[in-house]
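# Summary of the model geometry
If you want the building blocks of each chain, they are given just below.
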Amino acid sequence: MTPASQSALSIARGAVREGLAALDGFGELLGSRRVGPKALERARADLGEACASLGTAICSLASIIDEAFGEDEAARASTSGLCAHAIERARVLSAAVDVKGPLGDARRRLALEAAVKRHGTELKDAVALCDLLAAAVAPAPTELDLLDVLEQRFGVSGRAETSVHLGIDAIRPAPLVADRHLFGGLVEVAAAHAAKRGMASPRLGVVKWKDGSLLVRIGPSPRGSAAPRATLEIPVRGDVPGTLEVAKAAARRAGMKLEIDAATGAVTISVEPGPPHAKAERDDAPR
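Residues numbered from 1 in each chain as written. Predicted model: local features only at pLDDT ≥ 70, side-chain atom pairs only at ≥ 80, totals over all residues. Heavy atoms only, no water.

### Overview of the confidence of the model for the protein
Operational definition: Residue-level confidence of the predictor is what pLDDT reports, using numbers from 0 through 100. Only heavy atoms enter the contact rule, under which two residues are in contact if any of them lie within 4.5 Å.
Per-residue confidence for the protein gives a mean pLDDT of 86; residues scoring 70 or more make up 93%. Segment residues 274-287 is flagged for pLDDT under 50; beyond a separation of four residues in sequence, or across chains, it makes 26 contacts in the model.

### Notes on the sheet that holds strand E7 (residues 256-260)
Cut-off, in case you're wondering: Should DSSP find at least two bridges between two strands, the strands are taken to pair. The numbering of helices and of strands both runs from the N terminus, where a helix is a DSSP run of H or I of at least 4 residues and a strand a run of E of at least 2. Axes, fitted as lines to C-alpha atoms, cover a helix only where it is in contact. Angles between the N-to-C directions of the axes lie from 0 to 180 degrees.
The strand order across the open sheet built from six strands is E6-E2-E4-E5-E8-E7, with neighbouring strands paired in mixed fashion. Taken across any chain shown, the strands that pair with only one partner, and hence form the sheet edges, are strand E6 (230-235) and E7. Each neighbouring strand pair of the sheet contributes to a mean axis angle of 25°, computed without reference to strand direction. The pairing of E7 with strand E8 (residues 267-271) spans five bridges and is antiparallel. Residue Ile260 lies in a different strand from E8, and its bridge partner there is Val267.

### Quick word on the environment of Asp169
Test applied: Each residue is placed in one exposure class: buried if its accessible area under a 1.4 Å probe, protein chains only, is under 20% of its type's maximum, exposed if it is over 50%, and partly exposed if it falls in between. Within 3.5 Å is the distance limit for a polar contact, defined as a pair of N or O atoms, with the added protein rule that one can donate a hydrogen and the other accept it, and that residues adjacent in sequence qualify only through two side-chain atoms.
Note that Asp169 resides in the loop between strand E2 (163-168) and strand E3 (175-178). Judged by its relative accessible area of 14%, Asp169 is buried. Measuring from C-alpha to C-alpha, the distance between Asp169 and Arg229 comes to 5.6 Å, with 60 residues separating the pair along the chain. A polar contact of 3.0 Å, which involves the side chain of Asp169, links it to the side chain of Arg203.

As structure tokens, then:
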């Protein structure tokens, strides 16, 4: 990407984050019984403007992502559908906030709080996938340890209402060259897919190849397997149209591959930093 396009991408992502921050702030005000109706009315007007700005920011982000994916028609179709969904969620949230009536009435306030929570969560789930695509537009591959990436992203429990406990069978060192935000996002999508397929105790295992590439598998726990070496709590977001296609497109853009086994629901993420046509030889057994 050119410096100008990178700057535009950063500005659009920043504007989206500001909109989500305004949503979180309003939600906290609604939940605090110390905040009176007048303060809430002012905050509600501000959030209405933030929702409109958020929709504009998502449009800008969608345009940048669409251009970056170039001739990948499948990716562009996924991007278009996802961003249209996110913009619609912002519109629905804005409409819910704009419902007229004094907020001094307890029932009205509780109804608004429930609506903001429901529609706000839907919006955040869609924006999280938009951000995954944005990370793929200009990935920043870095030499990392796979376990460090996962622990830093998912090491704090209790952040999501719905989550899945993912058993980790990998051991250190598990070197990987990837963008940490993109890779972590792909693992989150894969773990959520496993949970929605009904896997009670999904496991993450790694195969390392001599050329430095990795095959990461998130799938059912093998029969008779020992307890995992570690367990991480992965958030499970609500259903967003085209989630898996978006994740595949993001992986392709960054030189990775995300595949799904139709029979078992297992998801594999291939990370190949070496020459694309080099013959891969297995370095060790799955861990």
